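Here's the letter readout for the chains.
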Amino acid sequence: MAGEKPDVLLVGQRKPVLVNGLEPKVNLHDYLGAKDKDAFVAAVADKIRAIAIAYTANKVDAAFLRKFPNLEQISSFGVGYDHIDAKWAGEHGIVVTNTPEVLNEEVADTALGLLLCTVREFPQAERYVRAGKWANAQYPLTKATLRNRTVGIVGMGRIGKAIAKRLDAFGVPVFYHSRNPQSGVDYKYYPKLLDMARDVDTLMVIVPGGAATQNLINADVLKALGPQGIVINMARGSVIDEPALIQALKDRTIYSAGLDVFVKEPVVPTELMEMDHVVLFPHLGSSTEVTRAAMDQLVVDNILAWAAGKPPLTPVPETPYPPKR
Ligand code: 8YV
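All of the points below concern the structure found in this document. (Residues numbered from 1 in each chain as written. Predicted model: local features only at pLDDT ≥ 70, side-chain atom pairs only at ≥ 80, totals over all residues. Heavy atoms only, no water.)

### A closer look at the sheet that holds strand 7 (residues 174–177)
1) Next: Taken together, the 7 strands give an open sheet; going across it, the order is 8-7-6-9-10-11-12, and neighbouring strands pair in parallel fashion. Either end of the sheet is taken by a strand with one partner, and the two such strands are strand 8 (188–189) and strand 12 (278–280).
2) Next: As judged from the 2 bridges shared by strand 7 and strand 8, these two strands associate in the parallel manner. Bridging from a neighbouring strand, Phe175 pairs with Lys188 of strand 8.
3) Next: Most of the contacts of helix 7 (residues 158–169) go to strand 6 (residues 151–154), to which it runs at about 170°, and overall it touches strand 6, strand 7 and strand 9 (202–205). (Pairing = 2+ DSSP bridges. Helix = DSSP H or I, 4+ residues; strand = E, 2+ residues; numbered from the N terminus. Contact = heavy atoms within 4.5 Å. Axes fitted to C-alpha atoms, helices over the stretch in contact; angles between N-to-C directions.)

### A short note on helix 6 (residues 122–130)
1) Next: Within the span of helix 6, buried status applies to Gln124, Ala125 and Tyr128. Buried residues along helix 6 cover an arc of 100° about the axis, so they all sit on one side.
2) Next: Looking at the buried side of helix 6, the elements it contacts are helix 5 (104–120) and strand 12.
3) Next: Once helix 6 ends, the next one or two residues include Gly132, with phi positive near 75°. (Buried < 20%, exposed > 50% of the residue type's maximum accessible area, 1.4 Å probe, protein only. Arc of directions from axis to C-beta.)

### Observations concerning the side chain of Arg236
1) Next: With respect to the element layout, Arg236 can be found in the loop between strand 10 (230–233) and helix 10 (242–251).
2) Next: When its relative accessible area of 16% is taken as the criterion, Arg236 is described as buried.
3) Next: Polar contacts involving the side chain of Arg236 include one to the side chain of Asp82, which spans 3.1 Å.
4) Next: For Arg236, the contacting residues outside a window of four places in its chain are Thr56, Gly80, Asp82, Gly209, Val261 and His283. (Polar contact = N/O pair within 3.5 Å; in protein donor to acceptor, adjacent residues only side chain to side chain.)

Spelled out as structure tokens, the structure:
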């Protein structure tokens, strides 16, 4: 009915930016807050026309989406959207939006930070100072240095390019592997990841997660990388075969790893926790107040555009606009 606010399901935390931005224009229904989820969904399913997802940890698969027969739009937080079955959504005329661009520089900063921490052992050195060991001896010289390294970027998308730009400034040679060569990029392109892994000693992983990249970094890739090899994962835990990585780190068939993401977040495998030659971050690539606020705002703006009958601002490729209904 004209003038009536549309009903939107909020999946995830009731973040103030989301609630304050959305409530004037839509009726928000709080999924996380509902005690009996099944009864709640049964009561609201028919009227829900859009879903706002507050965090990438909130899974929205086809079984869940099927419950909402009048769904038109899903506005999700995060550039990655492997937590949503976007293919199913596209096939059912539902538009999915994510939050690209606004986090590129922040995540690229973190990637460089994690790379430097891993190569130069800065977290270990900091722990050394706090343990009061400096008074007795200097922290040992690190065997690894960025100075003679070559970085192979796995996934030369928007964030991959922002990382490459930073590596240029550091004087570090960059190669890349992605599904297709990127236009406007001069770095050497490898159609085969294994070939690139043989030619570099450092992998910077920043591809989308999901079925297409599951275990892309497997035992063979790690072997090709070799004993000086360092793997930095800024993508999704699923992109690396985690047991194979742990084995390679244990056997020292690769040198080290810097990980911002894990298969079962927030659970980090004990074996990794016990290794002093890896650096572990709690999935904080984009996590500054300013960048997260920009991401939240884009979640809001995509819903507001939809509510106003306008095209989505940032639809994902699997769900082109206008949707096929
Ligand atoms: C967030 C991310 O840290 O945008 C993404 O896809 O992975 C990061 O920006 C993540 O959304 C938090 O779960």
